[in-house]
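Chains, contacts and geometry: an overview
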Amino acid sequence: MIGSGSISGRVALRRRLHPWPVRIMHWVNAAAMVIMIGSGWGIYNDSVIFHGLEFPKGIVLGSWAAQSLLWHFAGMWLLVVNGAAYLIYGFATGRFRERLLPIRVADVLQTVRDTLRLKIAHNDITIYNGVQKILYIVVILAGVAQVVTGLSMWKPVQFSGLVSLLGGFQSARLLHFTGMSIIVGFLVVHVLLAVLVPSTLWAMVTGGPKLDPSREAGR
Ligand code: HEM
């Protein structure tokens, strides 16, 4: 009896690489980001920051600025609610600590060397390499920063202190644009890698391999 109890305990510990809440939140976030980016480009086109830089009509969401703004505000709730759930889940379950830490300099350098030699084989998809960890942390922080700078522009009177902290309305706008550029840059690399290593993409759909608790403990 005691033996079978410990076996069931071990079985319960064999979680999948991406438990279902992570998969749902990841794909909801992807949809929310597409809405936020596409509609953000539509709003930007109405009053450009950089003369000569306008986003082609075919890739913006919304036929005119007011419509893009409606999309942006609708997507905002999806992004904030889903993003908050992901952050709470990541901290509460220890997933962030487990998956994104520690970051070892030697590992980062090795990944950079391998990538420069076009060696991107991802033999063990249960472990994120150093560069992956950094990119995920950067994009999570960029997402949070987008919400903060967006909030300051949405309610500049109520959040006037935040607007001043960000250096004024125009500066908040520039920071919001910079955050978008970081997220789009991440997405280009992220989607390319997911396509080049399809086992990772499949794992984000099905949950991926079950984790070995003994290896998890030693990581
Ligand atoms: C169509 C778009 C996307 C595809 C195809 C995609 C694909 C993937 C895949 C395959 C993984 C697992 C990587 C691995 O196991 O090595 C992953 C993880 C991740 N993706 Fe995406 N992704 C997309 C959109 C996004 C967006 C928009 C963001 C954020 C802006 C994002 C942020 C992340 C993060 C933070 C992780 C790590 C999640 C965790 O382990 O908790 N992804 N994505």
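Residues numbered from 1 in each chain as written. Predicted model: local features only at pLDDT ≥ 70, side-chain atom pairs only at ≥ 80, totals over all residues. Heavy atoms only, no water.

1. Digging into the site of the ligand
The cut-off we apply is this: To be near a molecule or strand, a residue needs just one of its heavy atoms within 4 Å of it. In the analysis that follows, any N or O atom pair within 3.5 Å is treated as a polar contact, provided that within protein one partner can donate a hydrogen and the other can accept it, and provided that, for residues neighboring in sequence, both atoms belong to side chains. Helix and strand assignments follow DSSP, with helices taken as H or I runs no shorter than four residues and strands as E runs no shorter than two, numbered in order from the N terminus.
Neighbouring residues of the ligand: 21 residues in total, closest H26, Y86, Y128, Q132 and H190. Within the side chain of H18, an N or O atom sits 3.4 Å from an oxygen atom of the ligand. Between the ligand and the protein, one listed contact pairs an oxygen atom with a side-chain N or O atom of Y86 at 2.6 Å. Among the elements of the structure, α2 (20-46), α6 (130-154), α8 (169-196) and α9 (198-206) are those that each provide at least two residues to the shell around the ligand.

2. Overview of the packing of helix α3 (residues 65-92) against α6
Under the convention used in this document: To obtain each axis, a line is fitted to C-alpha atoms, and for helices this fit is confined to the stretch in contact; angles are then taken between N-to-C directions over 0 to 180 degrees. Any angle between 65 and 115 degrees counts as roughly perpendicular, while under 35 counts as roughly parallel, over 145 as roughly antiparallel, and the rest as oblique. Less than a right angle of anticlockwise turn of the near helix away from the far helix marks a crossing as left-handed, whereas a clockwise turn marks it as right-handed. Whether two residues are in contact is decided by their heavy atoms: any pair within 4.5 Å suffices. Gly is put with the polar residues, along with every residue not named as nonpolar or charged; the nonpolar set is Ala, Val, Leu, Ile, Met, Phe, Trp, Tyr, Cys and Pro, and the charged set is Asp, Glu, Lys and Arg.
The N-to-C vectors of α3 and α6 enclose an angle of 135°; their axes lie 11 Å apart at closest approach. Accordingly, the angle class assigned to the pair α3 and α6 is oblique. Note on packing geometry: the crossing formed by α3 with α6 is left-handed. Taking contact as the criterion, the partners of F73, M76, W77, L79, V80, Y86 and L87 in α3 are, on α6, I140, V144, V147 and W154. Taken together, the residues that form the contact of α3 with α6 break down as eleven nonpolar, no polar and no charged.

3. Observations regarding the packing of aromatic side chains
Threshold: A pair of Phe, Tyr and Trp rings is counted when the ring centres sit within 6.5 Å of each other, with Trp represented by its six-membered ring. The angle between the planes then sorts it: under 30 degrees is stacked, over 60 is edge-to-face, the rest tilted. For the exposure calls, accessible area comes from a 1.4 Å probe over protein chains only, and a residue counts as buried if that area is under 20% of its type's maximum, exposed if over 50%, partly exposed in between. Each ring is checked for a lysine NZ or an arginine CZ that lies within 6 Å of its centre and within 35 degrees of its normal; such an atom marks a charge sitting over the ring.
A full pass over the atoms with the stated rule returns eleven aromatic pairs. An angle of 65° between the planes, with centres 5.3 Å apart, marks the rings of F50 and F177 as edge-to-face. Taken together, the residues F50 in the loop between α2 and α3 and F177 in helix α8 connect sequence positions 127 residues apart. Consider the rings of Y136 and F186, whose centres lie 6.2 Å apart with planes at 65°: the pair is edge-to-face. With Y136 in helix α6 and F186 in helix α8, this residue pair connects regions lying 50 residues apart in the sequence. With respect to class, Y136 is no different from F186; both count as buried. Here the basic side chain of R99 rests over the ring of Y128, its NZ or CZ set 6.0 Å away from the ring centre.

4. Regarding the packing of α2 against α8
In helix packing, the relevant descriptors are the interaxial angle and the interaxial distance, both defined with respect to the helix axes. Interaxial distance between α2 and α8 falls to 11 Å at its minimum, and their mutual angle equals 130°. In terms of orientation, α2 and α8 fall into the oblique class. The handedness of the crossing between α2 and α8 comes out as left-handed. Seen from α2, the contacting residues are H26, M33, I37, W41 and Y44; seen from α8, they are R173, F177, M180, I183, V184, L187 and H190.

5. A few points about a nonpolar patch on the surface
This is how the line gets drawn: Residues enter a patch when their relative accessible area is above 30% and they make no salt bridge; the linking distance is 9 Å between like charges and 5 Å between nonpolar side chains (Val, Leu, Ile, Met, Phe, Trp, Tyr). Calculation of accessible area relied on Shrake-Rupley with a 1.4 Å probe; when residues are assessed, cover is drawn exclusively from the protein chains displayed. Criterion for a salt bridge: a side-chain nitrogen of Lys or Arg within 4 Å of a carboxyl oxygen of Asp or Glu.
Together, I120, L135, V188, V189, L192, L193 and L196 make up an exposed nonpolar region whose accessible area comes to about 570 Å². Top contributing element to the nonpolar patch by residue count: α8, with five residues. Along the chain, L192 falls in helix α8.

6. Focus: the coordination of the iron atom of the ligand
The following threshold applies: Coordination partners: N, O, S within 2.8 Å of the metal, 3.2 Å for Na, K and Ca; water not considered, so apparent gaps in a site are possible. Square planar and octahedral assignments, for four and six donors respectively, both demand that opposite donors be over 155 degrees apart and that all other angles lie between 65 and 115; tetrahedral needs four donors with all angles between 85 and 135 degrees, and anything else is irregular.
Only H26 (NE2) and H190 (NE2) from the protein coordinate the iron atom of the ligand, and they sit 2.0 Å from it. For the iron atom of the ligand, the six donor atoms are set out with angles of 82 to 179° between them, so the coordination reads as octahedral. With H26 in helix α2 and H190 in helix α8, this residue pair connects regions lying 164 residues apart in the sequence.

7. Details of the pattern of salt bridges
One side chain can pair with another of opposite charge once the charged atoms of both are near each other. Scanning all chains against the criterion turns up two salt bridges. Its salt-bridge partner being R15, residue E98 comes within 3.3 Å of it at the nearest N-O pair. Within this pair, whereas E98 is found in helix α4 (residues 95-100), its partner R15 is found in the loop between α1 (2-13) and α2, the two being separated by 83 residues in sequence. A salt bridge links K119 to D114; the shortest N-O distance between them is 3.9 Å. By relative accessible area, K119 is classed as exposed at 54%.

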